[in-house]
Amino acid sequence: MSKRTIAAFAAAAATALTAGGAMTSQALAQEVKVGMILPYTGVGAEIAQQMDRGMEQYLKLNANEIKPYKITIIKRDSKAPNGAAAKVDAQELLTQDKVDVLAGWVYSPDAIASAPVVTAGKRLAVIMNAGTSFITNLSPYFVRTSFTLWQSSYVMGDQAAKYMHAKTAVVAYTDYPPGKDALAGFKTAFEKAGGKVIDAIPAGGPEATPDFTPFFQRAKDDHPDVLFVFVPAGDQATAVVKTYAALGMKAAGVKLVGTGDIVPDNKLQAMGDMAVGLITVHHYNADLDNPQNKAFKASWYKTYGANATPPDFTSAGAYDGMAAIVHAVKATKGKIYDGAAAVKSLEGWKFASPQGPIMIDPQTRDIVMNEYLDEVVKGSDGKLHEKVLVTVPNVKDQCKMLAIGPCAPKK
Ligand code: PHB
């Protein structure tokens, strides 16, 4: 065969393949394959379960709305939070499993590493947790239903100055992209409101829980009004609260504040009384009083048992993420595999979530939502609860609003 004949043959074969593919997906038009990238083993396994349950509850509570489509979830393990496995997961889900949409990503390095694959794959990719602001700038197919650390940390910095009247702060943060965002977001707002960050302490990585003692001892010796902490939830959160108590920091006049990642609902009861009085900012807590959260929790406990750990912010991000996918399926009349159309259908999408009203910002593809200033209190039932002190409505990602560093739009 001449070169030209080979090229023509290849083109014909490609058309046949596409046609075959289209026929197959038409025949199965009702089935939507969602490729789910979550840490099913390792440090994030508990979070993956919280998120699986969040999605499951959305599908259960909205079974009628989803018809005539059928959502099939294909799960892949992103393992350690370093991006390596997540990137391979994304490649395999797209090329072998031929998924219509990608979703998941607990840890920012996993979403960052997957970004070039997502762009090449041209499928909608719903970030259900990873919270580093600039991630959505890495691919036009990313839409985020979780949060950014700039949203919670910026509001916490503002409230630490204005509500708590703190003048000085020390920041301790897990030393990877969302931790750096937490530091920057808190510091920007706190100092704008007249406070001063007097020390910033990198406190280990996202995988192994460090011994926080040396970091918090340094913070105690700095004598700030508040110690602001970000860690990526899980067992690190429990260790933060334990170390703060063990070092007698409260009695020394240092108040512990943080993003809600330091008091995830699924860890709160196990923290016990030492968590009482902690002040954090987040977009969800299991005690939020709205009809969607009531229905969500009722179904959750019915499914997983009255003694199950409650849903937390990661469950809410996954619940909302599945709602976003179902919206895109319906809005594209089943053609959610057209990534550009799927993304477009979500720009400006509004939804009544268990966390309150949410929207996808049409400019940034990030979520816009309420942030709540919460205090941990002990209820008459003997359990710990989150009491909302202040609601800040419709918070956008401040890193993009202020166009800071990699958050600035590409020129
Ligand atoms: C992240 O890696 O972006 C991340 C993980 C866990 C959290 C928050 C952010 O709780």
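Our structure's up above, just so we're on the same page.
Right, let's walk through the structure included here. Everything numeric in this text was worked out from a predicted model, so none of it was measured.

1. Brief notes about the site of the ligand
(1) Moving on: The environment of the ligand is made up of 14 residues, and the closest members are Tyr107, Ser108, Gly131, Tyr176 and Asp261.
(2) Moving on: Ser108 places a polar side-chain atom, nitrogen or oxygen, 2.6 Å from an oxygen atom of the ligand.
(3) Moving on: Between the ligand and Asp261, the relevant distance is 2.6 Å, taken from an oxygen atom to a side-chain nitrogen or oxygen of the residue.
(4) Moving on: Relative to its free-state accessible area of 280 Å², the ligand is covered by the protein chains to the extent of 100%.
(5) Moving on: Comparing atom positions with the cavity grids shows the ligand to sit within the largest cavity.
(6) Moving on: Here the shell around the ligand is built from residues that sort into 10 nonpolar, 3 polar and 1 charged.

2. Describing the packing of aromatic side chains
(1) Moving on: What the rule picks out here adds up to 14 aromatic pairs.
(2) Moving on: Where Tyr58 meets Phe351, the ring centres are 6.3 Å apart and the plane angle is 65°; that geometry is what we call edge-to-face. Within this pair, whereas Tyr58 is found in helix α2 (residues 45-61), its partner Phe351 is found in strand β11 (residues 350-353), the two being separated by 293 residues in sequence.
(3) Moving on: Looking at Phe351, the relative accessible area reads 18%, which means it is buried.

3. A closer look at the environment of Lys122
(1) Moving on: Its place among the elements puts Lys122 in the loop between α5 (108-121) and β4 (125-127).
(2) Moving on: Through-space distance from the C-alpha of Lys122 to that of Leu94 is 9.5 Å; in sequence the pair is 28 residues apart.
(3) Moving on: When neighbours within four sequence positions are excluded, Lys122 is seen to be in contact with Tyr141, Tyr337 and Gly339.

4. Re the pattern of salt bridges
(1) Moving on: Summed over all chains, the structure comprises 15 salt bridges.
(2) Moving on: Residues Asp361 and Lys396 are paired through a salt bridge, measuring 3.5 Å at the closest nitrogen-oxygen approach. One end of the pair, Asp361, is in the loop between β12 (356-360) and β13 (367-378); the other, Lys396, is in the loop between β14 (384-395) and α14 (398-401), with 35 residues separating them in the sequence.
(3) Moving on: For Asp397, the salt bridge is made with Lys400, and the minimal N-O distance between the two is 3.3 Å. Considered together, Asp397 and Lys400 belong to a single accessibility category, that of buried residues.

5. Side note on the sheet that holds strand β1 (residues 31-38)
(1) Moving on: Here we have 5 strands laid out as an open sheet, ordered β2-β1-β3-β4-β5, and parallel in their pairing. Bordering the open sheet on either side are β2 (70-77) and β5 (142-144), each of which pairs with just one other strand. This sheet shows a mean twist of 25° between the axes of neighbouring strands, independent of strand direction.
(2) Moving on: Sheet topology note: the β4/β5 ladder contains 3 bridges and is parallel. Paired with Val126 across the strands is Val143, a residue of β5.
(3) Moving on: Set on the sheet, helix α12 (residues 313-331) makes contact with β1, β2, β3 (101-104) and β4; between it and β2 the angle comes to about 135°.

6. Focus on α12
Think of an α-helix as turning once every 3.6 residues; residues three or four places apart then point the same way.
(1) Moving on: Here α12 spans 27 Å end to end across 19 residues, near enough to the 27 Å set by a 1.5 Å rise per residue.
(2) Moving on: Within α12, 16 of the 19 residues are buried, which leaves it mostly tucked inside the rest of the structure.

7. Here we look at the nonpolar core
(1) Moving on: Counting 95 residues, the largest nonpolar core has Leu102, Trp105, Leu124, Met156, Phe186 and Ile325 as its most contacted members.
(2) Moving on: Looking at this core, the element that brings in the most residues is α12, giving 11 residues.
(3) Moving on: In contact with Ile325, other than residues within four places in its own chain, are Val34, Val101, Ala103, Val126, Met128 and Ile336.
(4) Moving on: Ranked by size, the runner-up nonpolar core spans 27 residues in total, among them Ala219, Val263, Leu278 and Leu384.

8. Quick look at the packing of helix α4 (residues 84-95) against α5
(1) Moving on: The interhelical angle for the contact between α4 and α5, taken along N-to-C directions, is 25°, at an axis separation of 8 Å. Our classification of the angle between α4 and α5 gives roughly parallel. Relative to α5, the crossing made by α4 is right-handed. The segment α4 lies against α5, with Ala86, Lys87, Ala90, Gln91 and Leu94 engaging Asp110, Ala113, Ser114, Val117 and Gly121.
(2) Moving on: Classifying every residue of the contact of α4 with α5 by side-chain character gives 5 nonpolar, 3 polar and 2 charged.

9. Considerations on the side chain of Glu386
(1) Moving on: Its place among the elements puts Glu386 in strand β14.
(2) Moving on: For the buried Glu386, which has no salt bridge, the nearest side chain bearing the opposite charge is Lys387, at an N-O separation of 11 Å.
(3) Moving on: Ignoring anything within four residues of it in the chain, the contact list for Glu386 reads Val263, Leu268, Thr280, Asn285, Asp287, Asp374, Glu375 and Val376.

About the thresholds
- Residues numbered from 1 in each chain as written.
- Predicted model: local features only at pLDDT ≥ 70, side-chain atom pairs only at ≥ 80, totals over all residues.
- Heavy atoms only, no water.
- Near = heavy atom within 4 Å.
- Polar contact = N/O pair within 3.5 Å; in protein donor to acceptor, adjacent residues only side chain to side chain.
- Areas by Shrake-Rupley, 256 points an atom, 1.4 Å probe, with all protein chains shown as cover.
- 1 Å grid on protein atoms, 1.4 Å probe; cavity = no way out; pocket = protein on both sides within 12 Å on 5 of 7 lines; lining within 4 Å.
- Sits in = over half its atoms within 2 Å of the grid points.
- Nonpolar A, V, L, I, M, F, W, Y, C, P; charged D, E, K, R; others polar.
- Phe/Tyr/Trp six-rings, centres within 6.5 Å; stacked < 30°, edge-to-face > 60°.
- Helix = DSSP H or I, 4+ residues; strand = E, 2+ residues; numbered from the N terminus.
- Buried < 20%, exposed > 50% of the residue type's maximum accessible area, 1.4 Å probe, protein only.
- Contact = heavy atoms within 4.5 Å.
- Salt bridge = Lys/Arg side-chain N within 4 Å of Asp/Glu carboxyl O.
- Pairing = 2+ DSSP bridges.
- Axes fitted to C-alpha atoms, helices over the stretch in contact; angles between N-to-C directions.
- Expected span 1.5 Å × (residues − 1).
- Core = buried A, V, L, I, M, F, W, Y, C linked by side-chain atoms within 4.5 Å.
- Parallel < 35°, antiparallel > 145°, perpendicular 65-115°, else oblique.
- Left-handed = near helix turned anticlockwise from the far one by under 90°.
- Lys, Arg positive; Asp, Glu negative; His and termini not counted.

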